[in-house]
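Coordinate analysis (summary)
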Amino acid sequence: AKVPTDGLDRLDKSKNVLHQLVNLYGRKVPKDVLVYAAIQGMLVGLEDPYSVLMGPDEYGKLQEQVQNKEFGGIGVYIELDRDAGNQLTVFEPIEGTPAAQAGVEPGDRILAIDGKSTKGISMDGAQAAIRGPVGTKVVLTIKRTGHPQTLKIPIIRGNIHVVSVTARMLPDKIGYVRLRQFGSLTASELETELTRLRSQGARALILDLRNNGGGYIDASVNVVGQFTAPGSLVVYTLNRNKERRDYNSNLRGGLDIPMVVMVNRYSASASEITAGALRDHKVAALVGEKTFGKGSVQQLYPFNNSALKLTIARFYSPAGHVIDNKGIVPEYAVAMEPRLVGKFEQDIQLQKAIRVIRSGKARP
């Protein structure tokens, strides 16, 4: 209301405003810049944090994650820790990667990369500095809790293939499977690991969805389908016109052993679809914390190496439970610092899941 409007009436309303700006503005401005700005402005008006315009870099990274593309790097998940003044911090190294082999640990604060301070660094800047050609070296200066001195860790970059599923056998023949995301290969990777665990005599299963921010709906449908009866409803969506779309599994499924699903505050989207479906079908009990509560569906509309990610619907569990802004509350609530995920002795959520299985209460 406070923006001066004098002269706006001179724009010919019968013509395209973009055309007028390109031709009348006093300095030359690339048309693409105006188009991107216009789209950004419209998205702001939606007041939806999940409807965004992804530039080439961001879109490329998304494709890298969900399509399991490879890149030169060290294999580590990082974050800007708000509780520590946005200090660049290791969230978790990926098993079997150069970072894990070099001794990088969850919670390590990265003070410098190749001697250059990370103070004020952005996530994009940090990723660009850490990644590089396979075979080259990067040196991380680390501050680790409990260590008075900083550590300098040299790491030789490798060809990083982000496997979305890892598994191992726990004591008492309890199979443990962790899903890091729901990408294009997740269902097939899961099938491989389940086959391996069954061949080793697994008598129960823990499916760990903690810190898993989601991915493709179809991937979650194919994950759930490996545990439920053929044709089972996994999730349904309702769009703005209340039109319903059902997502049913077409896999043979039916893994008939006791099962626990683990979730936490960072389990979102496809993770919540999976957890909700497995509980509604009485296949598994849930252990951990209330999930994130992202129950909206985004469609990607690629253009010019970029993409518009737009919310098109809301999704609901098979029993009709609302997930958006509510999350899923597990039957067995155990609060825990997310960085302790995977640290066996300190992972009290995992210890609780094992106790639930041993007690015979692994189904809701």
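Relevant structure appears above.
Presented here is a report on the structure given in the accompanying data block. (Residues numbered from 1 in each chain as written. Predicted model: local features only at pLDDT ≥ 70, side-chain atom pairs only at ≥ 80, totals over all residues. Heavy atoms only, no water.)

So, the overall build of the protein
- Looking only at helices and strands, the protein has 9 helices and 19 strands in total.
- Considered along the principal axes of its C-alpha atoms, the protein spans approximately 80 × 55 × 35 Å.
- Counting the 364 residues in the protein, one finds 45% classified as buried.
- Put simply, of all contacts in the protein between residues at least 6 apart along the chain, 68% involve residues at least 24 apart.
- Positive and negative side-chain charges of the protein, numbering 47 and 36 respectively, have mean locations separated by a distance of 2 Å. (Helix = DSSP H or I, 4+ residues; strand = E, 2+ residues; numbered from the N terminus. Buried < 20%, exposed > 50% of the residue type's maximum accessible area, 1.4 Å probe, protein only. Contact = heavy atoms within 4.5 Å. Lys, Arg positive; Asp, Glu negative; His and termini not counted. Charge placed at Lys NZ, Arg CZ, Asp CG, Glu CD.)

Quick notes on the nonpolar core
- Ranked by size, the top nonpolar core spans 38 residues in total, and within it F227 and V261 carry the most contacts.
- Of all the secondary-structure elements, those providing two or more residues to this core are β11 (174-179), α6 (186-199), β12 (204-208), α7 (217-224), β13 (233-238), β15 (259-263), α8 (270-280) and β18 (306-316).
- Leave out the neighbours within four places in its chain, and V261 touches L207, L209, A275, L278, A284, A285, L286 and V287.
- The next biggest cluster of nonpolar side chains, apart from the first, holds 16 residues, and it includes I78, V90, L140 and I142. (Core = buried A, V, L, I, M, F, W, Y, C linked by side-chain atoms within 4.5 Å.)

Details of the sheet that holds β11
- Read across the open sheet, the 6 strands follow the order β10-β11-β12-β15-β16-β19; overall the sheet is mixed. The open sheet has two edge strands with one neighbour each: β10 (165-170) and β19 (332-333).
- In terms of strand pairing, β11 meets β12 through 5 bridges, oriented parallel. Across the sheet, Y176 pairs through a bridge with I206, a residue of β12.
- Of the strands in this sheet, β10, β11 and β12 touch α6, which is tilted by about 15° from β10.
- Against the sheet, α8 contacts β12, β15 and β16 (285-288), and its axis sits at roughly 150° relative to β15. (Pairing = 2+ DSSP bridges. Axes fitted to C-alpha atoms, helices over the stretch in contact; angles between N-to-C directions.)

Description of the side chain of E189
- With respect to the helices and strands, the residue E189 is situated in helix α6.
- Buried charge without a partner: E189 forms no salt bridge, and the closest opposite charge is R180, 9.0 Å away. (Salt bridge = Lys/Arg side-chain N within 4 Å of Asp/Glu carboxyl O.)

Here we look at the side chain of S249
- You can see S249 is positioned in the loop between β14 (244-248) and β15.
- Within the structure, the side chain of S249 is placed 3.1 Å from the backbone nitrogen of L251, a separation counted as a polar contact.
- Setting aside residues no more than four positions away along its own chain, S249 makes contact with V221, G225, P230, G231, S232 and V234. (Polar contact = N/O pair within 3.5 Å; in protein donor to acceptor, adjacent residues only side chain to side chain.)

A word on the packing of α7 against α8
- Packing of α7 against α8 brings their axes to within 9 Å, and their N-to-C directions diverge by 30°. Taken together, the axes of α7 and α8 lie roughly parallel to each other. Helix-helix and strand crossings are classified by hand; for α7 and α8 the assignment is right-handed. Contacts from I217, S220, V223 and V224 in α7 reach A270, I273, T274, A277 and L278 in α8.
- Within the contact of α7 with α8, the residues separate by chemical class into 7 nonpolar, 2 polar and no charged. (Parallel < 35°, antiparallel > 145°, perpendicular 65-115°, else oblique. Left-handed = near helix turned anticlockwise from the far one by under 90°. Nonpolar A, V, L, I, M, F, W, Y, C, P; charged D, E, K, R; others polar.)

As for the pattern of salt bridges
- By the definition in use, this model includes 13 salt bridges.
- A salt bridge links R178 to E92, with the nearest nitrogen and oxygen atoms 2.4 Å apart. Of this pair, R178 sits in strand β11 while E92 is found in strand β4 (residues 87-93), placing the two residues 86 residues apart along the sequence.
- E92 gets classed as buried once you look at its relative accessible area, which sits at 8%.
- In this structure, R358 engages D172 in a salt bridge whose closest nitrogen and oxygen atoms are separated by 2.7 Å. Taken together, the residues R358 in helix α9 (residues 348-358) and D172 in the loop between β10 and β11 connect sequence positions 186 residues apart.
- Among the ionic contacts, a cluster of salt bridges with common partners joins E92, E95, R178 and R180.

Brief notes about the packing of aromatic side chains
- Across all of its chains, the model carries 2 aromatic pairs by this definition.
- Ring centres of Y36 and F303 lie 6.0 Å apart, and the angle between their planes is 45°; this geometry places the pair in the tilted category. Taken as a pair, Y36 in helix α2 (residues 31-46) and F303 in strand β17 (residues 296-303) lie far apart in primary sequence, 267 residues in all.
- A relative accessible area of 25% means that Y36 is categorised as partly exposed.
- When its relative accessible area of 25% is taken as the criterion, F303 is described as partly exposed.
- The interplanar angle of 15° and the centroid separation of 5.4 Å between the aromatic rings of Y236 and Y316 together place this pair among those described as stacked. (Phe/Tyr/Trp six-rings, centres within 6.5 Å; stacked < 30°, edge-to-face > 60°.)

Thoughts on unusual backbone geometry
- Positive phi is not limited to glycine here, since D114 has a value of about 55°.
- You can see D114 is positioned in the loop between β5 (109-113) and β6 (116-117).
- Of note in the backbone geometry, K242 takes a positive phi value of approximately 65° without being a glycine.
- Among the secondary structure elements, K242 is positioned in the loop between β13 and β14.
- Given a relative accessible area of 65%, K242 falls into the exposed group.

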